[in-house]
Amino acid sequence: MMIKPELCKVDTALGIIVGKWKPTILLHLLVEDTLRFNALKRKIPDITQRMLTKQLRELEEEGLVSRTVYPVVPPKVEYTITPYGKKLEPILHAMHEWGKAHIERKSQPSTEE
């Protein structure tokens, strides 16, 4: 398949899923399907609460994640990957495999002269 560079929408896709934590959030939701906010925070210990909230809101705005708030005290909020978000699974898998291969390539001694 040949994509004309002037019609390329890769930048659009990357603009939606790029962020230090977005791919990690999406992968956790792909594996678990639904997670409460604090459970997701525990799975990504280096992320701040503020950043997790921001990244989840952006993913929700794009329709990749849905948020459910339960009217209880203390508040219970769950995040679920949407069917639309699940379409990213092969893309994220391919990016993971490429990243893994790239790390392996970079760790090999250079064969260039």
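Up top is the structure.
None of these values were measured; they are calculated from a predicted model.

> How should I be thinking about the overall build of the protein in this particular structure?
When its secondary structure is counted, the protein shows six helices and three strands. Ordered by position from N to C terminus, the α and β elements of the protein give α-α-β-α-α-β-β-α-α. Per-residue burial over the protein gives 25% buried out of 113 residues. When contacts within the protein are restricted to residue pairs at least 6 apart in sequence, those whose partners lie at least 24 apart make up 48%. Just so you have it, the protein exposes about 8700 Å², and 57% of that area is on carbon and sulfur atoms.

> What is the right way to read the side chain of Thr80 from this model?
Tracing the chain through its elements places Thr80 in strand β3 (residues 76-81). Looking at Thr80, the relative accessible area reads 18%, which means it is buried. A distance of 2.8 Å separates the side chain of Thr80 from the side chain of Thr34, its partner in a polar contact.

> Before we go on, may I ask you to explain the packing of aromatic side chains in this structure?
Here the distance between the centres and the angle between the planes together describe a pair of aromatic rings. Counted according to the given criterion, the structure contains one aromatic pair. A centroid spacing of 6.4 Å and a plane angle of 55° characterise the contact between Phe37 and Tyr79, whose relative ring orientation is tilted. In this pair, Phe37 sits in helix α3 (residues 37-43) while Tyr79 sits in strand β3, placing the two residues 42 residues apart along the sequence. Of the two residues, Phe37 and Tyr79, neither departs from the other in class, the shared state being buried.

> Teacher, can you tell me more about the nonpolar core here?
As a rule of thumb, soluble globular proteins bury nonpolar side chains together. Judged by nonpolar contacts, the single largest core of 22 residues is most densely connected at Ile25, Leu26, Leu56 and Val65. Those elements that place two or more of their residues in this core are α2 (22-32), α3, α4 (49-61) and β3. If one sorts the elements of this core by residue count, α2 sits on top with four residues. For Val65, the residues in contact, after removing those within four places along its chain, are Leu26, Leu29, Leu56, Leu59, Glu60, Tyr79, Thr80, Ile81 and Thr82.

> Teacher, can you tell me more about the layout of surface pockets here?
Empty space among the atoms becomes apparent when a probe as large as a water molecule is rolled across them. Looking at the largest pocket, its volume works out to about 210 Å³. Those elements that provide at least two residues to the lining of the largest pocket are α3, α4 and β3. Sorting elements by how many residues they give to the lining of the largest pocket places α4 first, with four residues. Taken together, the residues of the lining of the largest pocket break down into four nonpolar, three polar and five charged.

The rules behind these values
Residues numbered from 1 in each chain as written. Predicted model: local features only at pLDDT ≥ 70, side-chain atom pairs only at ≥ 80, totals over all residues. Heavy atoms only, no water. Helix = DSSP H or I, 4+ residues; strand = E, 2+ residues; numbered from the N terminus. Buried < 20%, exposed > 50% of the residue type's maximum accessible area, 1.4 Å probe, protein only. Contact = heavy atoms within 4.5 Å. Areas by Shrake-Rupley, 256 points an atom, 1.4 Å probe, with all protein chains shown as cover. Polar contact = N/O pair within 3.5 Å; in protein donor to acceptor, adjacent residues only side chain to side chain. Phe/Tyr/Trp six-rings, centres within 6.5 Å; stacked < 30°, edge-to-face > 60°. Core = buried A, V, L, I, M, F, W, Y, C linked by side-chain atoms within 4.5 Å. 1 Å grid on protein atoms, 1.4 Å probe; cavity = no way out; pocket = protein on both sides within 12 Å on 5 of 7 lines; lining within 4 Å. Points joined across faces, edges and corners; volume = space filled by probe spheres on them. Nonpolar A, V, L, I, M, F, W, Y, C, P; charged D, E, K, R; others polar.

All quantities given are derived from atomic positions and should not be read as evidence of function.
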